[in-house]
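Fold and geometry: a report
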Amino acid sequence: KSGINAEYGGLIRIGLRSVNISRLFCYSSMPSAIPMDELKAAVAQQGAIVRKLKESKPAPDELTAAIAELKIRKLALSNAEKAATDLKKPKVDRAKFENLMKRRFFYGAAFSLYGGVAGLYDFGPAGCALKANMVNFWRNHFVVEENMLEVECTMLTPETVLRASGHVERFTDIMVKDAKTGECYRADHLLEAHLEKALEGKGLSDEKKEEMNAVLRQLDNFGLQQIGELIKKYGCKAPVTNNDLLDPAEFNLMFGTSIGPTGLVKGFMRPETAQGIFVNYKRLLEYNQDKIPFAGAQIGQSFRNEISPRSGLLRVREFCQAEIEHFLDPEDKSHPKFKNVKDVKIKFYPCEAQMAGTDFLHITVGEALEKGVIQSETLGYFLARIQQYLSAVGIPEENLRFRQHLGNEMAHYACDCWDAECKTTYGWVEIVGCADRSCFDLNAHAKASSTKLVAKQTLDTPVTREVVEVALNKAAVGKGFKKEAGGVTAAIHDMEDEDKLKMKEQLVSDNFKLVVGDKSYEITPAMVKSIEKVSKTEHVREFVPSVVEPSFGIGRILYCILECNFKVRENDEKRTWLDLPPLIAPTKCSVLPLSTMPDFAPYVEELSAALRKLAFLTRLKILLDQLDGGTLELMKLEFFRYHYRFRYSKTTNRNS
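Residues numbered from 1 in each chain as written. Predicted model: local features only at pLDDT ≥ 70, side-chain atom pairs only at ≥ 80, totals over all residues. Heavy atoms only, no water.

**What to know about the overall build of the chain**
In terms of helices and strands, the chain carries 20 helices and 28 strands. The buried share of the chain, taken over its 656 residues, is 44%. Counted over contacts in the chain with a minimum sequence separation of 6, partners at least 24 positions apart contribute 65%. When the accessible surface of the chain is summed, it comes to about 36500 Å², and 51% of that surface belongs to carbon and sulfur atoms. (Helix = DSSP H or I, 4+ residues; strand = E, 2+ residues; numbered from the N terminus. Buried < 20%, exposed > 50% of the residue type's maximum accessible area, 1.4 Å probe, protein only. Contact = heavy atoms within 4.5 Å. Areas by Shrake-Rupley, 256 points an atom, 1.4 Å probe, with all protein chains shown as cover.)

In C-alpha cells, the structure reads:
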C-alpha cells in the first residue's frame, strides 16, 4: 500500500506471486519526507524501466510489477504536489468571509438597488472606521515620522498634464473581446485563468506543466504580440460562451471628461495621485527652504476604467491611494535613517528568481543592498518601512513578499520597481508599489510647460566646464511669437548642449523646428545671433531630482487585512469573527450592561460619554478622576487584542 515506508520494504501480491517492493517510493503518507525533485526523478526513472521492459518482451509478472511500482511512485508524487498546493492556499473559506463582510456591512456593491455596477463599492460604518484608522496610522507612520509635506490636489486633471506624463499614450492594459458577443476581458488575466485550470487537470506531461508554469511566472513580462500568440497557442476561449476571441488590443484605462460648459477643454479623472505632487514640486521645494531631499505625500481617490473588474476590492474602478514622492539627489541615494532598518528581514523575489522559477530570498535589507538585490539605501529604507506599516495594521509577515517587476512589466516612468504582495485566496496580490521613477516626471513636466523643475546645491569648490550658449535676437523672437516669446526663449535656453549644436548646423541652410509639448515653432536664422561653446565657472550645481515613490492601494490593503484576520470558531463553523489589531479596529470598546435594571442606565451613559471623549484607547490603565465623584479604572483583566473590562466605583458606594 502507499503508506509503506521504503526503508523497511514490503511485499505486494501480483497474481500468484509475491514481489519484493523494498525499493519502491511509497511515501504518500508523508509527502514532505522526500524533496519534490527526487520524487519526479524517481517517476522518470521507473517510467524509463517500464518502456525498456515493454521493448524486451519480459515475463508478464515482471512487467506488471514494474508498472505497479510506477503507479505507486506517481501516486506519491501526486500526493506530494497536492500537499504542497494545499500548504500554499490560504485557509480561508471565501464564501463565509464575504458573507461576514455583507452582514456587518464592511463594504458592499454600490447601487445594488439598481443591480450594481462592476468595480464600484460602498463602505459601511465598520469599513469606514477601519479605513479611517488605517489612513490615520499611515499619516503618523510616514507623514509625521518622516516629516513629509502633505498636499491635497484636484481629481480633475487637464489632458496636457497627463499627456506630458505619458499616461495618454501608455497607460494601457491588453484587452480581448468575445468574437460574437463583444464581451471584453483583460488578456493576461484570461490567459492566467486558462493555464491554471489546465494545470489542475490530468494528462499533462511534466514538460508541458513546466512550460505552463514558466509562462505564468513571466506573464507580466509579455507584450501585446506575445500575449496574442500565447492565447492562440493554448486555445483560450471566452469564459462564459466558449466563443473564439478577437486579436488583443491596447485599452487606455483613464476616464475621459470635459472641463467647462463648452467641452473644449479635455480632461481626465486622475489615474494616480502622484501627478498633483509633481506639478507642485516648485512650491514644495520653496516651502522646504530649497533643501533636498524632501518628500511630498497625498491621500485621495483615483480612477481607472478597468477592463474586467473582479475579486471584490482588489480590482475596482474608483479607489483610495496614499502616495509618497521622495525627491533626492540622483548622485546621492543614501538615506540618513537607513541604519535604523538595515536589520529588518524581508522576503525579496528578484527578477532572476522569477525567471528561473526559484524561491524568494529571506534576507535583511542591509544584505540585499550588499548583494545588489536593491540598488540604493533610500529604496531599501522605504521597503522596510512599508513592511513595518503592513505588519502593524495586521498583515502577517509570512503572507508578505516583495517582488521585483520584470522588464516589460515596468511602468513607463520607472527604472526599478518592487511590489509588496500579500498571499490571499486570489493568490499573490499587489498592495503597495515602490518605484524608483528617476527624473522622468520632472523632466517631462519641465519640457511640456517650459519651466525649470530643478534643485540647486552650493559647491564647496567651484567647477569650470564647457557649455553651449545661445544668444537670441529678442526683437525678432518677440515679433515672431508675440505672447509666446517668453516660453520659446526659455525652451531654447533649456535645450541640451547637443541639441543646441544641432540647431546651429540646421540654421546655416534652413529654419529649425522647436517642439514644446504638443506645439511646434519655426526658429529662423534671423532670431539667433550666435550659438557658441564657452567656458563657465559654476559655484552652484543645478540638477533634476530623482524620485522614489511608495504607492499604497488602501482598498487592497484593507481587503488583505480583513481576509488575513478572518476566523471561524472551533466546533461552530457558523460563528465567524475578525481578530483585528487594536490600532485599526473599528470598535475599540463595548459597554455591555449585565442587567436591564433602570438604575444602570445613568452609569452606562456616563461611562460611554467618558470613553467617547478619549476617542480611542491605547493604554492598559487609565484613571479618570472627574466622574461624578467616582473613578473609572480600565483594568487588564482580559485582553484579547481589543477586548477590555472596566470597573467603576463611586466614593459613596464601593459596590456599585
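**Examining the pattern of salt bridges**
Taken as a whole and assessed by the stated rule, the structure comprises 33 salt bridges. Ionic pairing is found between Arg541 and Asp329, a salt bridge with its closest N-O pair at 2.9 Å. Of this pair, Arg541 sits in strand 22 (residues 528-543) while Asp329 sits in the loop between strand 13 (318-328) and strand 14 (345-349), placing them 212 residues apart in sequence. For Asp329, a relative accessible area of 12% gives the class buried. Of the charged contacts, one joins Asp441 and Arg437 as a salt bridge, the two residues approaching to 2.8 Å between their closest N and O atoms. The pair formed by Asp441 and Arg437 is uniform in burial state, with each residue classed as buried. One salt-bridge network, in which partners are shared between bridges, spans Glu145, Glu146, Lys337 and Arg385. (Salt bridge = Lys/Arg side-chain N within 4 Å of Asp/Glu carboxyl O.)

**Section: helix 3 (residues 94-103)**
Those residues of helix 3 not exposed but buried are Phe97, Leu100 and Met101. Seen from one end, helix 3 has its buried residues packed into an arc of 100°, which puts them on one side. Exposed side of helix 3, more than 90 degrees from the buried face: Ala95 and Lys102 are the residues found there. Residues of helix 3 that are buried sit in contact with strand 3 (107-109), helix 19 (554-564), strand 24 (566-568) and strand 25 (576-578). Where helix 3 begins, the capping side chain belongs to Asp93, and its oxygen is found 3.1 Å from the backbone nitrogen of Ala95. Immediately beyond the C-terminal end of helix 3, within one or two residues, lies Phe105, with a positive phi of roughly 50°. (Arc of directions from axis to C-beta. Polar contact = N/O pair within 3.5 Å; in protein donor to acceptor, adjacent residues only side chain to side chain.)

**Some words on the environment of Glu398**
Topologically, Glu398 is positioned in the loop between helix 14 (377-392) and strand 16 (400-404). Glu398 sits 25 residues away from Lys423 along the chain, and the two C-alpha atoms are 8.7 Å apart.

**Side note on the sheet that holds strand 14**
In space, the nine strands of this open sheet follow the order 5-12-13-23-18-17-16-14-15, with mixed pairing throughout. A strand with exactly one partner marks an edge of an open sheet, and here the two such strands are strand 5 (149-150) and strand 15 (361-364). As judged from the two bridges shared by strand 5 and strand 12 (residues 294-303), these two strands associate in the parallel manner. Bridge pairing links Leu149 to Gly296 in strand 12. Along the sheet, helix 4 (residues 125-144) makes contact with strand 5, strand 12, strand 13 and strand 23 (546-553), crossing strand 12 at roughly 160°. (Pairing = 2+ DSSP bridges. Axes fitted to C-alpha atoms, helices over the stretch in contact; angles between N-to-C directions.)

**Some words on the sheet that holds strand 10 (residues 255-259)**
Adjacent strands of a sheet form backbone hydrogen bonds with each other and so pair up, either parallel or antiparallel. Taken together, three strands build an open sheet; the order of strands is 6-11-10 and the sheet is antiparallel. Lying at the two open borders of the sheet, with one neighbouring strand each, are strand 6 (156-158) and strand 10. The average undirected angle you get between the axes of adjacent strands in this sheet is 40°.

**Points about the pairing of strand 17 (residues 416-424)**
Within strand 17, nine of the nine residues are buried, which leaves it mostly tucked inside the rest of the structure. As defined by bridge partners, strand 16 adjoins strand 17 across five bridges and the pair is classed as antiparallel. Its bridge partner lying in strand 17, Arg401 is registered against Glu421. Pairing of strand 17 with strand 18 (residues 427-438) involves nine bridges; the strand directions are antiparallel. Residue pairing in the sheet places Cys422 in a bridge with Val429 of strand 18. Linking strand 17 to strand 18, which pair antiparallel, is a turn of two residues.

**Details of the environment of Lys232**
Relative to the helices and strands, Lys232 resides in helix 9 (residues 224-233). Considering only alpha carbons, one finds Lys232 and Asp247, 15 residues apart in sequence, at a separation of 9.3 Å.

**Here we look at the nonpolar core**
Trp138, Tyr389, Leu390, Ile431, Phe552 and Ile557 are the most contacted members of the largest nonpolar core, which totals 68 residues. Once residues lying within four places of it in the same chain are set aside, the contact partners of Leu390 are Ile395, Leu400, Ala420, Ile431, Val432 and Ile557. Counting 20 residues, the second largest nonpolar core, distinct from the first, contains Val470, Met503, Tyr521 and Ile531. (Core = buried A, V, L, I, M, F, W, Y, C linked by side-chain atoms within 4.5 Å.)

**Quick notes on the pairing of strand 16**
Within strand 16, five of the five residues are buried, which leaves the element mostly enclosed by the surrounding structure. Bridge analysis of strand 14 against strand 16 gives two bridges, and the strand direction is parallel. When the sheet's bridge partners are listed, Tyr349 is paired in strand 16 with Arg403.

**With respect to the side chain of Ser308**
In this structure, Ser308 sits in the loop between strand 12 and strand 13. A distance of 3.4 Å separates a polar atom in the side chain of Ser308 from the backbone nitrogen of Arg186. Excluding residues that lie within four positions of it along the chain, Ser308 makes contacts with Cys184, Tyr185, Arg186 and Arg315.

**Considerations on the state of the cysteines**
Evaluation of the coordinates by the stated rule reveals zero disulfides. Counting only cysteine sulfurs, Cys422 is the nearest neighbor of Cys560, a cysteine outside any disulfide, at a range of 3.9 Å. The exposure class assigned to Cys560 is buried, which follows from its relative accessible area of 0%. You can see Cys564 has no disulfide; the closest cysteine sulfur is in Cys422, sitting 3.8 Å from it. With a relative accessible area of 17%, Cys564 lands in the buried category. (Disulfide = S-S within 2.5 Å.)

**A look at a nonpolar patch on the surface**
Taken together, the side chains of Phe111, Leu113, Tyr114 and Val117 define a hydrophobic patch exposed on the protein surface, amounting to about 550 Å² of accessible area. The residue Val117 is located in the loop between strand 3 and strand 4 (121-123) in this model. (Patch = residues over 30% accessible without salt bridge, like charges linked within 9 Å, V, L, I, M, F, W, Y side chains within 5 Å.)

**Remarks on the packing of helix 4 against helix 14**
The interhelical angle for the contact between helix 4 and helix 14, taken along N-to-C directions, is 145°, at an axis separation of 11 Å. For the element pair helix 4 and helix 14, the recorded crossing hand is right-handed. Taken together, the residues of helix 14 that come into contact with helix 4 (itself represented by Met134, Phe137, Trp138, His141 and Phe142) are Arg385, Ile386, Gln388, Tyr389 and Ala392. Classifying every residue of the contact of helix 4 with helix 14 by side-chain character gives seven nonpolar, two polar and one charged. (Left-handed = near helix turned anticlockwise from the far one by under 90°. Nonpolar A, V, L, I, M, F, W, Y, C, P; charged D, E, K, R; others polar.)

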